[in-house]
Amino acid sequence: TVSRASLHNFEELQRKDIRRKDRVQIERAGDVIPYVAKRLNSALEEREPPLKIPEECPACGAPVKVEGAYHLCTGELACPAQVRGRLEHYVSRDAMDIEGLGVEGIDKLVEQDLVSTIADLYELSAEQLLAAGLFDNQRYLRLLNEAENGEFAVILYALELPGVGPGTAIKLADSLDCVDQLQDISVDQLVNNSGFSQNRARQLKDSLNSPSVQNKLADFLEQPEKAHRQVARALYNLLTEIERSKQPDLDRFIYGLGIRHVGRHVATVLAENFNNVEELSAASREELESLPDVGPRVSESLVEFFNAKKNSQVLARLKELGVQPQPLEESTEQSGKLVGMKFVITGSFEGLTRREFKQLIEEQGGTVTSAVSGNTDYLLVGENPGQNKLQQAEQREVELIEREEFEQLLDR
């Protein structure tokens, strides 16, 4: 089922004369990307009017500027759509890889004005995330909000005692003044405080006296956050993920900043030649263009990004909040069997994803790019390869190799 397909840009839309409600033909470009190839003859008596290129951003109303085939909103951080896009990119797998924070969660955070830049992610509290509705933690919220001693109620619930749900945990927490009373509580008191039957009260008392529960209780009392994590796993897992992302690899961080024209490969090239963001931000266009695969368009975009005051402010805040990108380890390319080789991958492979092939090539000193060029050494071809890449390889006389030949390169 195709749910989305590329129309490329407004020029293509106008060239193909595609309008709302038209019937279209979908084809597969390259490996998997579906795109609208052409309009089919319509049975409609009257077609919709042609789509107009917007002069204002539909999300924020800022003027639209034209750069080549692109029509770009000038609202930047004042545009909620751009804020969402930057955040989604920053937390994505190839960037910070923050699990547990997807498109829906980011939408809620933006809508409630909890985040407007990537730096705001590192100031989010558990209370804010809960209030934003990112997680279905009704039990956890009930324990915190209904009990006079919410933390004690959370600890009691986290002990996973037989027959103790949120309501019972709240009753017990509110009926006791301290933990010592819990350890000394009698069966009759449990019956009176919780409404248990004599039989269930005895089972609960036996559980409370067991060494495993006593050890767990002592652990929770010493480190209450463990109890909170157990009751609200998804919430605290996200907080852990955000904290972990404070020390990303430098290439991932550069890529995560969402600088125009700086993809994953260029970010790696930059990280291999600069030790930190401060060095990169101080580099001139001439220094940048001396690096492999960094041309005038990329260097201009980098200089503009780091010269922009708002970006400098965000980077300064990230540093204050403890975000410290780690320099890449010394390259092992000299010992790699694919040193200096440039690959493009097309098609699918049994047992390994293309991402895993890319990682394998890079570990052996090779480079993987998305498009075939005159500098490409090999096009690695799997099942159902993209016809465009095959044609480009033929036109540029790039050698095609299959998996067996690729493995022979590694075995040399």
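Residues numbered from 1 in each chain as written. Predicted model: local features only at pLDDT ≥ 70, side-chain atom pairs only at ≥ 80, totals over all residues. Heavy atoms only, no water.

### Focus on the overall build of the protein
Next up, step 1: In terms of helices and strands, the protein carries 22 helices and eight strands.
Next up, step 2: Its C-alpha atoms give the protein principal-axis dimensions of roughly 85 × 65 × 45 Å.
Next up, step 3: Burial analysis of the protein (412 residues in total) assigns 39% to the buried set.
Next up, step 4: Put simply, of all contacts in the protein between residues at least 6 apart along the chain, 58% involve residues at least 24 apart.
Next up, step 5: Looking at the protein as shown, the accessible area adds up to about 23800 Å², and 44% of this sits on carbon and sulfur atoms. (Helix = DSSP H or I, 4+ residues; strand = E, 2+ residues; numbered from the N terminus. Buried < 20%, exposed > 50% of the residue type's maximum accessible area, 1.4 Å probe, protein only. Contact = heavy atoms within 4.5 Å. Areas by Shrake-Rupley, 256 points an atom, 1.4 Å probe, with all protein chains shown as cover.)

### A short note on the packing of helix α2 (residues 80-91) against helix α3 (residues 103-111)
When two helices pack together, their arrangement is given by the angle between the helix axes and by the axis-to-axis distance.
Next up, step 1: Their axes nearest at 10 Å, the elements α2 and α3 cross at an angle of 135 degrees. Taken as axis vectors, α2 and α3 run oblique relative to one another. Of the two possible hands of crossing, α2 and α3 adopt the one that is right-handed. Counted together, Pro80, Val83, Arg84, Leu87, Glu88 and Val91 of α2 and Val103, Ile106, Asp107, Val110 and Glu111 of α3 form the full contact between these two elements.
Next up, step 2: Its residues assigned to classes, the contact of α2 with α3 comprises seven nonpolar, no polar and four charged. (Axes fitted to C-alpha atoms, helices over the stretch in contact; angles between N-to-C directions. Parallel < 35°, antiparallel > 145°, perpendicular 65-115°, else oblique. Left-handed = near helix turned anticlockwise from the far one by under 90°. Nonpolar A, V, L, I, M, F, W, Y, C, P; charged D, E, K, R; others polar.)

### Digging into the state of the cysteines
Next up, step 1: The full count for this structure, using the stated rule, is zero disulfides.
Next up, step 2: The cysteine Cys57 is free of any disulfide, with Cys73 supplying the nearest cysteine sulfur at 3.7 Å.
Next up, step 3: What makes Cys57 buried here is its relative accessible area of 11%.
Next up, step 4: With no disulfide partner, Cys60 has as its closest neighbouring cysteine sulfur the one in Cys73, 3.6 Å distant. (Disulfide = S-S within 2.5 Å.)

### Here's the deal with the layout of surface pockets
Next up, step 1: Reported here for the second largest pocket is a volume of approximately 740 Å³.
Next up, step 2: Lining the second largest pocket are 27 residues, and of these Glu76, Gln82, Arg86, Gly258 and Arg260 lie nearest its centre.
Next up, step 3: Among the secondary structure elements, those contributing two or more residues to the lining of the second largest pocket are β3 (64-67), β4 (70-73), α2, α18 (296-307) and α19 (309-320).
Next up, step 4: Broken down by class, the residue content of the lining of the second largest pocket amounts to 10 nonpolar, eight polar and nine charged. (1 Å grid on protein atoms, 1.4 Å probe; cavity = no way out; pocket = protein on both sides within 12 Å on 5 of 7 lines; lining within 4 Å. Points joined across faces, edges and corners; volume = space filled by probe spheres on them.)

### Structural notes on the confidence of the model for the protein
Next up, step 1: Mean pLDDT over the protein: 87, with 96% of residues reaching 70 or higher.
Next up, step 2: Ranking the elements of the protein by mean pLDDT puts helix α8 (residues 179-184) last, at 74, and helix α14 (residues 250-256) first, at 95. (pLDDT = per-residue confidence, 0-100.)

### Considering the pattern of salt bridges
Next up, step 1: Inspection of the entire model under this criterion finds 25 salt bridges.
Next up, step 2: Residues Lys319 and Glu278 are paired through a salt bridge, measuring 3.6 Å at the closest nitrogen-oxygen approach. With Lys319 in helix α19 and Glu278 in helix α16 (residues 277-281), this residue pair connects regions lying 41 residues apart in the sequence.
Next up, step 3: Lys342 serves as the salt-bridge partner of Asp293, at 3.3 Å between the closest nitrogen and oxygen. (Salt bridge = Lys/Arg side-chain N within 4 Å of Asp/Glu carboxyl O.)

### Looking at α2
Next up, step 1: Counted at 1.5 Å a residue, the expected span for α2 with its 12 residues is 16 Å, and the 17 Å between its end C-alpha atoms agrees.
Next up, step 2: Buried positions along α2 lie against α3, α14 and α19. (Expected span 1.5 Å × (residues − 1).)

### What to know about empty space enclosed by the protein
Next up, step 1: Inspection of the entire model under this criterion finds two cavities of 30 Å³ or more.
Next up, step 2: Within this model, the second largest cavity holds a volume of roughly 30 Å³.
Next up, step 3: As for the second largest cavity, its lining consists of Leu280, Ser281, Ala283, Leu288, Leu302, Val303 and Phe306.
Next up, step 4: For the lining of the second largest cavity, the secondary-structure elements that each account for two or more residues are α16 and α18.

### A closer look at the sheet that holds strand β7 (residues 378-381)
Next up, step 1: Spatial ordering of the open sheet is given by β6-β5-β7-β8, a layout of four strands whose pairing is parallel. Pairing within the sheet leaves two strands with one partner each, and these edge strands are β6 (367-368) and β8 (399-401).
Next up, step 2: Summarising the sheet, strand β5 (residues 342-346) and β7 pair through four bridges and their orientation is parallel. Note on β7: the bridge partner recorded for Thr346 is Val381.
Next up, step 3: Helix α21 (residues 387-395) contacts β5, β7 and β8 of the sheet and is inclined by roughly 150 degrees relative to β7.
Next up, step 4: Contacting β5, β7 and β8, helix α22 (residues 403-410) crosses the sheet at an angle of about 95 degrees to β8. (Pairing = 2+ DSSP bridges.)

### Points about the environment of Gly133
Next up, step 1: Tracing the backbone shows Gly133 in the loop between α4 (126-131) and α5 (138-146).
Next up, step 2: Expressed as a C-alpha distance, the spacing of Gly133 and Leu109, which sit 24 residues apart in the sequence, is 9.0 Å.

### A look at the environment of Gly263
Next up, step 1: With respect to the secondary-structure elements, Gly263 resides in the loop between α14 and α15 (264-273).
Next up, step 2: In this structure, the C-alpha to C-alpha distance between Gly263 and Gln387, residues 124 residues apart in sequence, is 23 Å.

### Re the pairing of β5
Next up, step 1: Of all the five residues making up β5, four are buried; the element is thus mostly covered by neighbouring parts of the structure.
Next up, step 2: Of the crossover connections in this fold, the one passing from β5 over helix α20 (residues 354-363) to the parallel β6 is right-handed. (Right-handed = clockwise from strand over helix to strand, strands pointing away.)

### Description of the nonpolar core
Next up, step 1: Residues Tyr90, Leu235, Leu270 and Leu318 are the most contacted members of the largest nonpolar core, which totals 88 residues.
Next up, step 2: Looking at this core, the element that brings in the most residues is helix α6 (residues 150-158), giving seven residues.
Next up, step 3: Setting aside its immediate chain neighbours within four residues, Tyr90 contacts Ala95, Met96, Asp97, Ile118, Leu121, Tyr122, Phe253, Gly256, Leu318 and Val323.
Next up, step 4: One finds Leu338, Phe349, Phe357 and Leu380 within the second-largest nonpolar core, a separate group that totals 14 residues. (Core = buried A, V, L, I, M, F, W, Y, C linked by side-chain atoms within 4.5 Å.)

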